[in-house]
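# What the coordinates show
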Protein chains: 2
Amino acid sequence: MSGKRFNVAVAGATGAVGDVFLRILEERKFPINNIRLLASERSVGKRLKFAGEEFPVELLSKDAFKGIDIALFSAGGSLSKQFADPACEAGAVVVDNSSAFRMEPDVPLVVPEINPEAIARYKQRGIVANPNCTTIITIMPLKPLHDYGTLKRVVASSYQATSGAGAKAMAELIAQTKAHANGQAMAVEVFKHQIAFNVIPHIDSFLDNGYTKEEMKMANEGRKIMGIPDLRVSCTCVRVPVLTAHSISVNAQFDKKITVAKAKELISKFPGCQVMDDPAGNSYPMPLFCAGKDDCYVGRIREDESAENCLNLWVCGDQLRKGAALNAVQIAEALARNYL
Amino acid sequence: MSGKRFNVAVAGATGAVGDVFLRILEERKFPINNIRLLASERSVGKRLKFAGEEFPVELLSKDAFKGIDIALFSAGGSLSKQFADPACEAGAVVVDNSSAFRMEPDVPLVVPEINPEAIARYKQRGIVANPNCTTIITIMPLKPLHDYGTLKRVVASSYQATSGAGAKAMAELIAQTKAHANGQAMAVEVFKHQIAFNVIPHIDSFLDNGYTKEEMKMANEGRKIMGIPDLRVSCTCVRVPVLTAHSISVNAQFDKKITVAKAKELISKFPGCQVMDDPAGNSYPMPLFCAGKDDCYVGRIREDESAENCLNLWVCGDQLRKGAALNAVQIAEALARNYL
């Protein structure tokens, strides 16, 4: 990168992803001139640490983006819809972590390792959309396999961590766990049902076709990012009592045979992916290992002889990092490096 | 049933499944004349409650089966291999819950709702095998769909409870949970890794093809029970931090189209299955609901448009009951009713 430095706003700075945004901007030494931390009224006045200094939380409003070069949004879809366009009009490029704009034709949807060329289309509306967390983690290892063997069909079942539903959701799992340990009654507020010692096959709301929005996001966003509009995909998304890191059981069919050895070679060479696949050593990706790590980990790579040219994969990644904040910061880095 | 009563032995009476065996024999008022509770040396002398009386635990030995009509085995594969044939020689019919004999050609593998006619083949060796827990729960709703539309291919990912690995495994999850709540270090003994707040894609040992024994049991046992030797199946088996009841995300392809409405009708008419599928009411099968229940619950029934004649199902059942003890007692009931 050149020596240029940028004025950056983080909208939704006090949320689960907002906190990780700040940590990742620090860790990666993003070239920041000024940082502005934005949130809704009830957080205004709080002070958050960034790079050894304390910064006040300011109100997320239309006027908050004056002088901002890059605005990282992670305040939920409705606030993105309200404030992303005003931020662009004020001159900022918005990297939006919500689902508000992901499927808009004039907004690129980007995983920098997969479709970095799409970032250039930020000029159309001023917005780059950051994909759904489960989508990113699932398609990371599919991209190098697709480049080699052309992806035909994906059947995926997810094991999603509570923090994917926000900081309060993670706190609810911990509170329910403590209540169980102490023989107390459990409160159920964030999730529809108790999540401790349970699994819930319901993430985001249901659509008329019986699928959840989360399941359709995985299908539709995956097609858009991978540039395979007719990709055949079917997903089942399930919440599990895990704090951080999503896991996905992926069954993927290709046009061409990919051996396990070839798949391992392709995935291990792909930036952002690590092969972790040593059954004899009891080594395979698990959320406890992947939480806090940047890469997506891939294991249990097996030929599926029940269909032609088919592989099973088990993918695990930190959905707050590569599934959200890290991917968005990587987009911001590409914007800073190539376009701003 | 006629008025005949039977002498029954329970081998492995002190284990997680053994306890459920006793409860189910009581609940279903199995026509017992005498009951004999057998276990390994370290449990001899314990007393267990059955039908309001206390019975002593006796040593599982070759001589323990004299006068026994039906021996229910749930003491693990190696003890089944050691004592099932001697039990048969002593005149008992063995219903074996281990994997020791399931794939033997002269041993029928039975889910009474699916292939009751196979029970007659107990005469060949004196043994009827009880299938793997995840297999039973997965194929229960597939049978009525197969009878209607001919099953072609199954892709399944499981969410398996800790008690599937025994009473100690369940205790380990509870102990780890308490340790977390109290800020103490966690002991990891039964599972290869911490199971609290984690998921582990590893159940039973690994085979050379990269699959686990559990995954291959699901494939091979499902084929044998359903009588579809060339059924195409691929499974991924995963342990989740749940106490009781396994869940399975099933993607099933048929020769003929089955609408969602037809699938619900077929499954709800099938004995032992309940359709629980009201997304608008946040109603779908979950382990917390299914634990302690006899039926397999089926929800999230959706057409999968990514392949011809394909459905997604979410199945959940108590793996200690229908997945183990209940299914074995149902086999014993059929033996008592029709053959002994």
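To be clear, the structure that these remarks concern was listed above.
This section reports on the structure supplied with the text.

### Concerning the interface of chain A and chain B
Counting residues at the interface gives 57 residues for chain A, matched by 57 residues for chain B. Together, Phe 197, Arg 300 and Ser 306 of chain A form the three largest contributors to the area buried by chain A at its contact with chain B, with a combined 14%. As a salt-bridge pair, Asp 304 of chain A and Arg 153 of chain B come within 2.7 Å of each other at their nearest N and O atoms. On the surface where chain A and chain B come into contact, there are 40 residue pairs in polar contact (both at pLDDT 80 or more). Here the side of chain A that touches chain B gets 6 residues from one element, more than from any other, and that element is helix 4 (residues 167-181) of chain A. Tallied by class, the residues present in the side of chain A that touches chain B amount to 29 nonpolar, 19 polar and 9 charged.

### Topic: the relation of the copies chain A and chain B
It takes a turn of 180° to lay chain A on chain B, together with a shift of 0.0 Å along the axis; the resulting RMSD is 0.0 Å. Expressed as a symmetry operation, the mapping of one chain copy onto the other fits a two-fold axis. With an isologous cut-off of 70% or more, the 100% of interface residues of chain A that recur at the interface of chain B puts this contact in the isologous class.

### Overview of the pairing of strand 12 (residues 296-304) of chain B
Residue and element names in this part refer to chain B. Most of strand 12 is tucked away, with 8 of its 9 residues classed as buried. Of the strand pairs in this sheet, strand 11 (residues 273-275) and strand 12 are connected by 3 bridges, and their pairing is parallel. Looking at strand 12, one finds that Gln 274 is bridged to Tyr 297. Bridge count for strand 12 against strand 13 (residues 310-317) is 6 bridges, and the pairing is antiparallel. When the bridges of strand 13 are listed, Arg 302 appears paired with Asn 312.

### Here we look at the packing of helix 4 of chain A against helix 4 (residues 167-181) of chain B
Remark: helix 4 of chain A packs on helix 4 of chain B, axes separated minimally by 9 Å, with the N-to-C direction vectors making an angle of 110°. In terms of orientation, helix 4 of chain A and helix 4 of chain B fall into the roughly perpendicular class. Within the contact between the two elements, helix 4 of chain A uses Ile 174, Thr 177, Lys 178, His 180 and Ala 181 of chain A and helix 4 of chain B uses Ile 174, Thr 177, Lys 178, His 180 and Ala 181 of chain B. Classifying every residue of the contact of helix 4 of chain A with helix 4 of chain B gives 4 nonpolar, 4 polar and 2 charged.

### Remarks on the packing of aromatic side chains
All told, the structure shown has 15 aromatic pairs over all chains when counted by the stated rule. The interplanar angle of 40° and the centroid separation of 6.2 Å between the aromatic rings of Phe 206 of chain A and Tyr 284 of chain B together place this pair among those described as tilted. Taken as a pair, Phe 206 of chain A in the loop between helix 4 and helix 5 (213-226) and Tyr 284 of chain B in the loop between strand 11 and helix 7 (287-290) lie in two separate chains rather than in one. Relative to Tyr 297 of chain B, the ring of Phe 289 of chain B has its centre 5.1 Å away and its plane inclined at 90°; by these criteria the two rings are edge-to-face. According to the relative accessible area criterion, Phe 289 of chain B is partly exposed, its value standing at 29%. For Tyr 297 of chain B, a relative accessible area of 11% translates into the label buried. Grouping aromatic residues by their ring pairs yields a cluster made of Tyr 159 and Trp 314 of chain A together with Tyr 159 and Trp 314 of chain B. In this structure, Lys 293 of chain B packs its charged tip against the face of Phe 289 of chain B, placed 3.9 Å from the ring centre.

### Focus: the pattern of salt bridges
The full count for this structure, using the stated rule, is 41 salt bridges over all chains. Across the pair Arg 23 of chain A and Asp 19 of chain A runs a salt bridge, and its minimum N-O distance is 2.8 Å. Here the residue Arg 23 of chain A and the residue Asp 19 of chain A both occupy positions in helix 1 (residues 16-27), the gap between them amounting to 4 residues, near one helical turn. For Asp 19 of chain A, a relative accessible area of 38% translates into the label partly exposed. Here Lys 143 of chain B ties to Asp 147 of chain B by a salt bridge, and the two come within 3.1 Å at their closest N and O atoms. Remark: Asp 147 of chain B and Lys 143 of chain B occur in helix 3 (residues 133-149); sequence separation between them is 4 residues, near one turn of the helix. Overlapping salt bridges bring together Asp 85, Glu 104, Asp 106 and Arg 125 of chain A as one network.

### Describing the nonpolar core
Residues Phe 65, Phe 73, Leu 142, Leu 145, Leu 151 and Leu 313 of chain A are the most contacted members of the largest nonpolar core, which totals 59 residues. Not counting chain neighbours up to four residues away, the residues in contact with Leu 142 of chain A comprise Leu 151, Val 154, Met 226, Val 250, Ala 252 and Leu 313 of chain A. Ala 84, Ala 92, Met 218 and Leu 313 of chain B belong to the second largest nonpolar core, which has 58 residues in total.

### Some thoughts on unusual backbone geometry
Residues and elements named next belong to chain A. Backbone geometry at Arg 300 places phi at a positive 50°, although glycine is not the residue there. Position of Arg 300 relative to the elements: it lies in strand 12 (residues 296-304). Taking relative accessible area as the criterion, Arg 300 reaches 1% and is therefore assigned buried. One non-glycine residue, Asn 309, adopts positive backbone phi at about 55°. With respect to the helices, strands and loops of the structure, Asn 309 is situated in the loop between strand 12 and strand 13 (310-317). Judged by its relative accessible area of 21%, Asn 309 falls in the partly exposed class.

### What to know about the side chain of Glu 221 of chain A
Residues and elements named next belong to chain A. Among the structural elements, Glu 221 can be located in helix 5. Judged by its relative accessible area of 2%, Glu 221 falls in the buried class. Discounting residues that sit within four places of it in the chain, Glu 221 has contacts with Arg 102, Met 103, Leu 109, Pro 131, Asn 132, Thr 135 and Met 216.

### Let's talk about the side chain of Asn 327 of chain A
With respect to the helices and strands, the residue Asn 327 of chain A is situated in helix 8 (residues 321-338). Excluding residues within four positions of it along the chain, Asn 327 of chain A makes contact with Val 110, Val 111, Pro 112, Glu 113, Asn 130, Pro 131, Ile 136, Arg 321 and Lys 322 of chain A.

### A closer look at helix 1 (residues 16-27) of chain B
Residues and elements named next belong to chain B. The terminal C-alpha atoms of helix 1 lie 17 Å apart, and with 12 residues this matches the ideal 16 Å at 1.5 Å per residue to within 8%. Contacts made by the buried residues of helix 1 are with strand 1 (6-11), strand 2 (32-39), strand 3 (47-50), strand 5 (70-73), helix 4 and helix 8 (321-338). A positive phi of about 50° marks Lys 29, the residue just after helix 1.

### Observations regarding the sheet that holds strand 13 of chain B
Residues and elements named next belong to chain B. Taking strand neighbours across the sheet as the criterion, the 6 strands line up as 9-8-10-13-12-11 in an open arrangement whose pairing is mixed. The two strands at the open ends of the sheet, each matched to only one other strand, are strand 9 (232-236) and strand 11. In this sheet, neighbouring strand axes are inclined to one another by 25° on average, regardless of whether the strands run parallel or antiparallel.

### Brief notes about the packing of helix 3 (residues 133-149) of chain A against helix 8 of chain A
All names here are of chain A. Direction vectors running N to C along helix 3 and helix 8 enclose 95°, while the axes themselves pass 8 Å from each other. On the basis of the axis angle, helix 3 is roughly perpendicular to helix 8. Judged by residue contacts, Cys 133, Ile 136, Ile 137 and Met 140 of helix 3 engage Lys 322, Gly 323 and Asn 327 from helix 8.

Here is what the cut-offs are and how they apply
Residues numbered from 1 in each chain as written. Chains lettered and ligands numbered in written order. Predicted model: local features only at pLDDT ≥ 70, side-chain atom pairs only at ≥ 80, totals over all residues. Heavy atoms only, no water. Contact = heavy atoms within 4.5 Å. Buried area = accessible area lost by both parts, 1.4 Å probe. Salt bridge = Lys/Arg side-chain N within 4 Å of Asp/Glu carboxyl O. Polar contact = N/O pair within 3.5 Å; in protein donor to acceptor, adjacent residues only side chain to side chain. Helix = DSSP H or I, 4+ residues; strand = E, 2+ residues; numbered from the N terminus. Nonpolar A, V, L, I, M, F, W, Y, C, P; charged D, E, K, R; others polar. Least-squares fit on C-alpha atoms with pLDDT ≥ 70 in both. Buried < 20%, exposed > 50% of the residue type's maximum accessible area, 1.4 Å probe, protein only. Pairing = 2+ DSSP bridges. Axes fitted to C-alpha atoms, helices over the stretch in contact; angles between N-to-C directions. Parallel < 35°, antiparallel > 145°, perpendicular 65-115°, else oblique. Phe/Tyr/Trp six-rings, centres within 6.5 Å; stacked < 30°, edge-to-face > 60°. Lys NZ or Arg CZ within 6 Å of the ring centre and 35° of its normal. Core = buried A, V, L, I, M, F, W, Y, C linked by side-chain atoms within 4.5 Å. Expected span 1.5 Å × (residues − 1).

So, to be careful, I would describe these as geometric facts and stop short of saying anything about function.
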